[in-house]
Amino acid sequence: QVQLVESGGGLVQAGGSLRLSCAASERSLSTYTMAWFRQAPGKEREFVAAITWSGGRTISDSVQGRFSISGDNAKNTVYLQMNSLKTEETAVFFCAARKYGSPAYDFWGQGTQVTVSS
């Protein structure tokens, strides 16, 4: 069982930046794909970005060029750097983990609120 704890959310003005962190209880994340999702009020959860420890990264088109995902295996932590935030990106951001070979993300954090004000 992998436990994920997100942090770094908060209130930011439009155009500003935030960096989210996801700390995992698993000692080694090398066999997992780690990802960030977000859920805005009244909307479905959507994929934002993912990273594998072999260096592969996937970024949603909606945040390409503004968000980046990175990880520190020694710290069991994944980061989401968010720049040029927009008001419509107010959402709860979730960290998730999927073991290689699993068809779905098996483990989820509790989420961290990001509020972008105008």
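The shown structure was predicted, so the numbers you read here are calculated from the model rather than taken from an experiment.

**Details of the environment of Gln13**
Here is step 1: One can find Gln13 in strand S2 (residues 10-13).
Here is step 2: With residues near it in sequence (within four places) discarded, Gln13 still touches Val116 and Ser117.

**Overview of the nonpolar core**
Here is step 1: Membership of the largest hydrophobic core comes to 30 residues, with the highest contact counts inside it found for Leu4, Met34, Trp36, Leu80, Met82 and Phe93.
Here is step 2: When contributions to this core are tallied by element, the ones reaching two or more residues are strand S3 (18-24), strand S4 (32-39), strand S5 (46-52), strand S7 (67-72), strand S8 (77-82), strand S9 (91-99) and strand S11 (112-117).
Here is step 3: Setting aside anything within four residues of it in sequence, one finds Phe93 in contact with Glu6, Leu20, Trp36, Phe37, Arg38, Val48, Phe67, Leu80, Met82, Gly111, Thr112 and Val114.
Here is step 4: In terms of nonpolar packing, the next biggest core, distinct from the first, is built from five residues, Ala35, Phe37, Ala50 and Tyr105 among them.

**Quick word on the side chain of Thr90**
Here is step 1: For Thr90, the location among the structural elements is in the loop between S8 and S9.
Here is step 2: At 3.1 Å, the side chain of Thr90 and the backbone oxygen of Thr87 are in polar contact.

**Regarding the pattern of salt bridges**
Here is step 1: Tallying each qualifying case throughout the model produces three salt bridges.
Here is step 2: A salt bridge links Arg38 to Glu46; its shortest N-O distance comes to 2.6 Å.
Here is step 3: When its relative accessible area of 34% is taken as the criterion, Glu46 is described as partly exposed.
Here is step 4: In this structure, Arg38 and Glu89 form a salt bridge, with 3.1 Å as the shortest nitrogen-oxygen distance. Here Glu89 lies in the loop between S8 and S9 and Arg38 lies in strand S4, a separation of 51 residues in the sequence.
Here is step 5: On the basis of relative accessible area, Glu89 is assigned to the buried category, the value being 4%.

**Some points on the packing of aromatic side chains**
When we look at a pair of aromatic rings, we describe it by the centre distance and by the angle of the planes.
Here is step 1: Going through the model one piece at a time under the given rule, you end up with five aromatic pairs.
Here is step 2: Pairing Phe37 with Phe47 gives two aromatic rings, centres 5.7 Å apart and planes at 80 degrees, and the pair type is edge-to-face. Taken as a pair, Phe37 in strand S4 and Phe47 in strand S5 lie far apart in primary sequence, 10 residues in all.
Here is step 3: Owing to a relative accessible area of 27%, Phe47 belongs among the partly exposed residues under this scheme.
Here is step 4: Here Tyr105 and Trp108 contribute two aromatic rings whose centre-to-centre distance is 6.3 Å and whose plane-to-plane angle is 65 degrees, an arrangement assigned as edge-to-face.
Here is step 5: A network of ring pairs unites the aromatic residues Phe37, Phe47, Tyr105 and Trp108 as a single cluster.
Here is step 6: Over the ring of Tyr79 we find Arg19, and its NZ or CZ is 4.2 Å from the ring centre.

What counts as what
- The residue numbers shown here count from 1 along each chain, following its written sequence.
- Residue-level local features of this predicted model are given only where pLDDT is at least 70; pairs of side-chain atoms are given and counted only at 80 or more, and the full residue set underlies all totals for whole chains, interfaces and linings.
- Based on all heavy atoms of the structure, the side-chain values leave hydrogens and waters out of the count.
- Secondary structure follows DSSP: runs of H or I at least 4 residues long count as helices, runs of E at least 2 residues long count as strands, and numbering of each begins at the N terminus.
- Here a residue-residue contact requires only that any non-hydrogen atoms of the pair lie within 4.5 Å.
- The set of buried Ala, Val, Leu, Ile, Met, Phe, Trp, Tyr and Cys residues whose side-chain atoms join them within 4.5 Å is what this entry labels a nonpolar core.
- The buried label applies to any residue whose accessible area, calculated with a 1.4 Å probe on protein chains only, is under 20% of its type's maximum; exposed applies above 50%, and partly exposed to all values in between.
- By the criterion applied in these results, polar contacts are pairs of N or O atoms within 3.5 Å in which, for protein atoms, one can donate a hydrogen and the other can accept it, and in which residues neighboring in sequence qualify only through two side-chain atoms.
- Criterion for a salt bridge: a side-chain nitrogen of Lys or Arg within 4 Å of a carboxyl oxygen of Asp or Glu.
- Side-chain rings of Phe, Tyr and Trp, where Trp is taken by its six-membered ring, are said to pair if the distance between their centres is within 6.5 Å; with planes under 30 degrees apart they count as stacked, over 60 as edge-to-face, and otherwise as tilted.
- Geometrically, a charge over a ring is one whose NZ (Lys) or CZ (Arg) sits within 6 Å of the ring centre while staying within 35 degrees of the ring normal.

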